[in-house]
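Examining the three-dimensional arrangement
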Amino acid sequence: MEGDDGDDGSEEPENDVRTGGDTGENGDSNGDDTPDDTLPGIDPDELDDLTDAVTVRDVVIEDRILKITADLTVDSKKKGMTDIGAGMQKGISDVHALKKKIDWVKIVLYDSGEKVFTAKISVAWLVKLVDEEIDMDEFRAYLEDATDAGDD
């Protein structure tokens, strides 16, 4: 790392919750002790540990949207969607604290480097999943209905 003078040209997310670092200056003063770039009630590294059908690339918060990007490790997009939901259901310990930080959850799945699935869902559905008001099949069906046309 000798001679590194700062910008290496790579695109790092502004609010990477894995590192807890905010690379921008947001001047946030919402009176909350938790910075906007952290996820209360979820550990992104544990989310990866809780999933078998996907490998989580990153988890970031941008403009009150929790974006989860992952690579499929199986040949089934449906299994990957279910696995992400199950990982979130197990890994989120305080969904109501999370709800104060985000309004939407965006899930992006890749298979062999190609984007195969993108969906944006209301955080209310995540609350229902964690509170066990809906089951995994209902959550996956909602994800399928919320599929974007490949937008980022």
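Preceding this section is the structure that the text describes.
Attention in this report is confined to the structure presented alongside it.

1. Structural notes on the packing of aromatic side chains
For any pair of aromatic rings, the description rests on two quantities: the centre-to-centre distance and the angle between the ring planes. Taken as a whole and assessed by the stated rule, the structure comprises one aromatic pair. A centroid spacing of 3.9 Å and a plane angle of 10 degrees characterise the contact between Trp 125 and Tyr 142, whose relative ring orientation is stacked. Remark: Tyr 142 occurs in helix α5 (residues 136-145) and Trp 125 occurs in helix α4 (residues 123-130); sequence separation between them is 17 residues. Its guanidinium or amino end placed over the ring of Trp 104, Lys 120 lies 5.2 Å from that ring's centre, counting from NZ or CZ.

2. Re the environment of Asp 63
On the secondary structure map, Asp 63 appears in the loop between β3 (54-62) and β4 (65-72). Residue classification places Asp 63 among the exposed residues on the basis of a relative accessible area of 75%. Spatially, the C-alpha atom of Asp 63 lies 8.1 Å from that of Ile 102, the residues being 39 residues apart in sequence.

3. Side note on the pattern of salt bridges
Where charged atoms of side chains with opposite charge meet at close range, the side chains can pair. Within the structure shown, the criterion is met by four salt bridges. Between Arg 64 and Asp 103 there is a salt bridge, with the nearest N and O atoms lying 2.8 Å from each other. Placement of Arg 64 in the loop between β3 and β4 and of Asp 103 in the loop between α3 (95-101) and β5 (104-111) is noted, with a sequence separation of 39 residues between them. A relative accessible area of 34% means that Asp 103 is categorised as partly exposed. In this structure, the salt-bridge partner of Glu 144 is Lys 78, at a minimum N-O distance of 3.9 Å. Here Glu 144, found in helix α5, pairs with Lys 78, found in helix α2 (residues 77-91); they are 66 residues apart in sequence, far enough to count as distant. A residue is classified by how much of its surface remains accessible, and Lys 78, at 48% relative accessible area, is partly exposed.

Definitions and limits used
- Residues numbered from 1 in each chain as written.
- Predicted model: local features only at pLDDT ≥ 70, side-chain atom pairs only at ≥ 80, totals over all residues.
- Heavy atoms only, no water.
- Phe/Tyr/Trp six-rings, centres within 6.5 Å; stacked < 30°, edge-to-face > 60°.
- Helix = DSSP H or I, 4+ residues; strand = E, 2+ residues; numbered from the N terminus.
- Lys NZ or Arg CZ within 6 Å of the ring centre and 35° of its normal.
- Buried < 20%, exposed > 50% of the residue type's maximum accessible area, 1.4 Å probe, protein only.
- Salt bridge = Lys/Arg side-chain N within 4 Å of Asp/Glu carboxyl O.

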